[in-house]
Amino acid sequence: MPTGRFARAAGVLAAALVMAGLAAAPASAASGPNLKVTAVAQQGNWLSGDTVALDVTVANIGDAVAFGAFGTAYSESGTDFWTDRNQWGDLSDGGSGANIAQGETRTVHLTGQLGTFNGDSIVHIEVYAGNDVDYSDNVLRITLPMARGTERVAGVLYGDANGDGKPSPGEALAGAEAHFIGVGTTNDLVSVTDATGHFHFDNLPLSRNAYVSFQKVPGGWVDQPVGTLRLDGRGAYTALEVRAVRPLSDVLHETIALDRTSYAAGDTAKVTVTLSNSGTKALTGLYVGCDAGGFGSELVIADDQWGAFGYQRREGTLAAGQRLVLTVSGKVPDKSAYTGSTGLDCVAGDGHSGGAPYAAVNAKVPGLRADSRGQVWFDKNGNGLLDADEGMANRNLVLLENGAIRAYARTDANGYATFKDIPVGNYQLRVLGPWKPAPFEGDLAIWAPPYGGAGDWHQQFVAG
Ligand SMILES: [Ca+2]
Ligand SMILES: [Ca+2]
Ligand SMILES: [Ca+2]
């Protein structure tokens, strides 16, 4: 029988298991079937949830057929290790067992999954056959070592100005936010890169899937994906070199225009997209990808109109210094009459570079009018929430369009007001006086029923 000493050795070096099996063999064999079991476990520093491979070899070293043989593998103690017994094939203990001839050897490939951490997983492996003349070599215990401790993730963020794929003098990117998120961290952790571009996170919990990403990278540099980190206590990520490259928008430029400033639903709008390459190298694999936006009022352009620059083909090219005009057309959707606007938002990409240029254009679709009711409020108690007494009472409101006043309204005692019979479209809402919209507030869209007017809007204002 393998002892605890053998089992620990097995955890370190699976080959030791073979030795354990041999060492346990009897000096002289009796006549009859005699299965001998060995096993090799996939090596690793294991984490909860990991899948671990386990190859179990069964040899009949006796001189007779072993009838009704079946195997099992289960965690005897420590972290749970689950295997599916069907992986044993005809050796499954769910069946009638396998017959293994004298001299025959079989290897069963098992995989199992580790449960919640409870120390090293001690896995019991056993293959039974009737009349086995020496049962001491039918049972093995192997240890799957579980990862322990904490991890450090650290590295440098650099803008690869000389294109050699390595950090070079002068390439450090300072002041960027490195964000870490992994199992066991509820919010992402932030480390700001120092003057040498370095960031670090210490005492991180172990994690099968952890991620580092960057925000506020200076100078328009685009950081390249770091990939998934596996924090299993080996300290494999203490010297990351995170490369950043120039954005595609440095060399690829896009403008977009419509043939009119106003349409009716059902009209055909002509769109002109101009692309230019200000760089010294040809750009290939280019495409124009337009976002339908989700409201259904944007122009719909069939992809084949873009030719080689279609989102599907992605075969557009621009020589160094080349300027190219693409002309397409699309129907102004019926829904745009209710929102008062149509348009198109398009990115020009090459399928792999970050920082692709983006352009948008809008036009009016006038005609319908609607009422719009809502509330303006001021966060008196600073809790970030709209509380009962925070409506701005008896204030004069205006709707602006391109800086011009289009409508007036006055709030009631609770800060509510209704703009009456307004042409549908997008407006900027203002409270007259020392107030300005909170930074996150956008335009006030006035839509006609059934798309608009169903509920009240709420816009927050701050001292201006
Ligand atoms: Ca045996
Ligand atoms: Ca470099
Ligand atoms: Ca409040």
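Rules of the game
Residues numbered from 1 in each chain as written. Chains lettered and ligands numbered in written order. Predicted model: local features only at pLDDT ≥ 70, side-chain atom pairs only at ≥ 80, totals over all residues. Heavy atoms only, no water. Helix = DSSP H or I, 4+ residues; strand = E, 2+ residues; numbered from the N terminus. Rg over C-alpha atoms; globule rule 2.2 N^0.38 Å. Buried < 20%, exposed > 50% of the residue type's maximum accessible area, 1.4 Å probe, protein only. Contact = heavy atoms within 4.5 Å. Areas by Shrake-Rupley, 256 points an atom, 1.4 Å probe, with all protein chains shown as cover. Lys, Arg positive; Asp, Glu negative; His and termini not counted. Charge placed at Lys NZ, Arg CZ, Asp CG, Glu CD. Pairing = 2+ DSSP bridges. Axes fitted to C-alpha atoms, helices over the stretch in contact; angles between N-to-C directions. pLDDT = per-residue confidence, 0-100. Salt bridge = Lys/Arg side-chain N within 4 Å of Asp/Glu carboxyl O. Donors = N, O, S within 2.8 Å, 3.2 Å for Na, K, Ca; no water. Phe/Tyr/Trp six-rings, centres within 6.5 Å; stacked < 30°, edge-to-face > 60°. Lys NZ or Arg CZ within 6 Å of the ring centre and 35° of its normal. Polar contact = N/O pair within 3.5 Å; in protein donor to acceptor, adjacent residues only side chain to side chain.

**Points about the overall build of the protein chain**
- The helix and strand inventory of the protein chain stands at 3 helices and 31 strands.
- Here the protein chain has a C-alpha radius of gyration of 34 Å; the compact-globule value for 464 residues is 23 Å, and the former is much larger.
- Its C-alpha atoms give the protein chain principal-axis dimensions of about 105 × 60 × 50 Å.
- Within the span of the protein chain, comprising 464 residues, buried residues form 43% of the whole.
- Within the protein chain, residue pairs in contact and separated by at least 24 positions form 67% of the contacts whose partners lie at least 6 positions apart.
- Of the roughly 22,600 Å² of accessible surface on the protein chain, a fraction of 52% belongs to carbon and sulfur atoms.
- When the 33 basic and 48 acidic side-chain charges of the protein chain are each reduced to a single mean position, those positions are 7 Å apart.

**Some words on the sheet that holds strand β3 (residues 66-77)**
- Pairing in this open sheet of 4 strands is antiparallel, and the strands run β5-β3-β7-β8 from one edge to the other. Sheet topology places β5 (98-100) and β8 (139-144) at the edges, where each strand pairs with a single neighbour. This sheet shows a mean twist of 35° between the axes of neighbouring strands, independent of strand direction.
- Where β3 and β5 come together, 2 bridges link them in antiparallel fashion.

**Considering the confidence of the model for the protein chain**
- Averaged over all residues, the pLDDT of the protein chain is 92; the fraction at 70 or higher stands at 93%.
- Below a pLDDT of 50 lies the segment residues 1-24, which in the model reaches 29 contacts outside its immediate sequence neighbourhood of four places, other chains included.

**A short note on the pattern of salt bridges**
- Tallied over the full model, the rule gives 21 salt bridges.
- Here aspartate 232 ties to arginine 230 by a salt bridge, and the two come within 3.1 Å at their closest N and O atoms.
- Between arginine 373 and aspartate 456 there is a salt bridge, and its shortest N-O distance comes to 2.6 Å. Taken as a pair, arginine 373 in strand β24 (residues 369-378) and aspartate 456 in the loop between β30 (444-446) and β31 (457-463) lie far apart in primary sequence, 83 residues in all.
- Residue arginine 373 is classed as partly exposed on the basis of its relative accessible area of 35%.
- Here aspartate 456 falls in the partly exposed class, since its relative accessible area comes to 37%.

**Comments concerning the coordination of the calcium ion (ligand 3)**
- Those donors, Asp379 (OD), Asn381 (OD1), Asn383 (OD1), Leu385 (O), Asp387 (OD), Glu390 (OE) and Glu390 (OE), are the protein atoms that reach the calcium ion (ligand 3), and they lie 2.3 to 2.5 Å from it.
- Taking relative accessible area as the criterion, asparagine 383 reaches 36% and is therefore assigned partly exposed.

**With respect to the pairing of strand β22 (residues 341-349)**
- Across the 9 residues of β22, 8 count as buried, placing the element largely inside the fold.
- In terms of strand pairing, strand β19 (residues 283-291) meets β22 through 5 bridges, oriented antiparallel. The residue bridging valine 288 from the neighbouring strand is alanine 348, located in β22.
- In the sheet, β22 pairs with strand β23 (residues 358-364) via 7 bridges, with the strands oriented antiparallel.

**What about the packing of aromatic side chains?**
- One pass over the structure, following the stated rule, counts 9 aromatic pairs.
- Ring plane angle 80° and centroid distance 5.1 Å describe the contact between phenylalanine 295 and tryptophan 447, whose orientation is recorded as edge-to-face. With phenylalanine 295 in the loop between β19 and β20 (316-318) and tryptophan 447 in the loop between β30 and β31, this residue pair connects regions lying 152 residues apart in the sequence.
- Under the relative-accessibility criterion, phenylalanine 295 is labelled partly exposed at 44%.
- Three or more aromatic residues joined by ring pairs form one cluster here, namely Phe180, Phe199, Phe201 and Phe214.
- For the cation-ring pair, arginine 246 lies above tryptophan 221, with the distance from its terminal atom to the ring centre recorded as 4.7 Å.
- Here arginine 314 stacks its cationic end above the ring of tyrosine 311, 4.2 Å away from the centre of that ring.

**Some remarks on the side chain of serine 168**
- Take serine 168: it is sitting in the loop between β9 (150-159) and β10 (177-182).
- With a relative accessible area of 15%, serine 168 lands in the buried category.
- Within the structure, serine 168 has its side chain in polar contact with the side chain of asparagine 162 (distance 3.0 Å).

**Let's talk about the sheet that holds strand β13 (residues 207-215)**
- If you trace the 4 strands from one edge of the open sheet to the other, you get β11-β10-β13-β15, paired in antiparallel fashion. Where the open sheet ends on each side, the last strands, each with one partner, are β11 (189-192) and β15 (229-231). Ignoring which end each strand starts from, the neighbouring axes of this sheet average 30° apart.
- Direction of pairing for β13 relative to β15: antiparallel, over a ladder of 2 bridges. Bridge assignment links alanine 210 to a residue of β15, and that residue is leucine 229.

**Some details on the coordination of the calcium ion (ligand 2)**
- Around the calcium ion (ligand 2), the donor atoms from the protein are Asp160 (OD), Asn162 (OD1), Asp164 (OD), Lys166 (O), Ser168 (OG), Glu171 (OE) and Glu171 (OE), and they sit 2.3 to 2.7 Å away.
- In terms of primary sequence, the donors binding the calcium ion (ligand 2) are separated according to D-x1-N-x1-D-x1-K-x1-S-x2-E.
- According to the relative accessible area criterion, aspartate 164 is partly exposed, its value standing at 36%.
- For lysine 166, a relative accessible area of 48% corresponds to the partly exposed category.

**Regarding unusual backbone geometry**
- The omega torsion across proline 449 and proline 450 is 5°, close enough to zero to call that bond cis.
- Residue position: proline 450 is located in the loop between β30 and β31.
- Within the chain, aspartate 421 stands out as a residue other than glycine whose phi angle is a positive 55°.
- Locating aspartate 421 in the fold gives a position in strand β27 (residues 416-423).

**As for the environment of valine 271**
- Tracing the chain through its elements places valine 271 in strand β18 (residues 268-277).
- Sequence-wise, valine 271 and aspartate 379 are 108 residues apart; in three dimensions their C-alpha atoms are separated by 43 Å.
- Ignoring any residue separated from it by four or fewer positions in sequence, one finds valine 271 in contact with Ile256, Ala257, Leu258, Leu299, Ile301, Leu326, Thr327, Val328 and Leu344.

**Examining the pairing of strand β6 (residues 105-114)**
- Both strand β2 (residues 51-60) and β6 contribute to a ladder of 9 bridges, which runs antiparallel. Looking at β6, one finds that aspartate 55 is bridged to histidine 109.
- Examined bridge by bridge, strand β4 (residues 81-83) and β6 share 3 bridges and lie antiparallel to one another. Bridge pairing in β6 links tryptophan 82 to glutamine 113.

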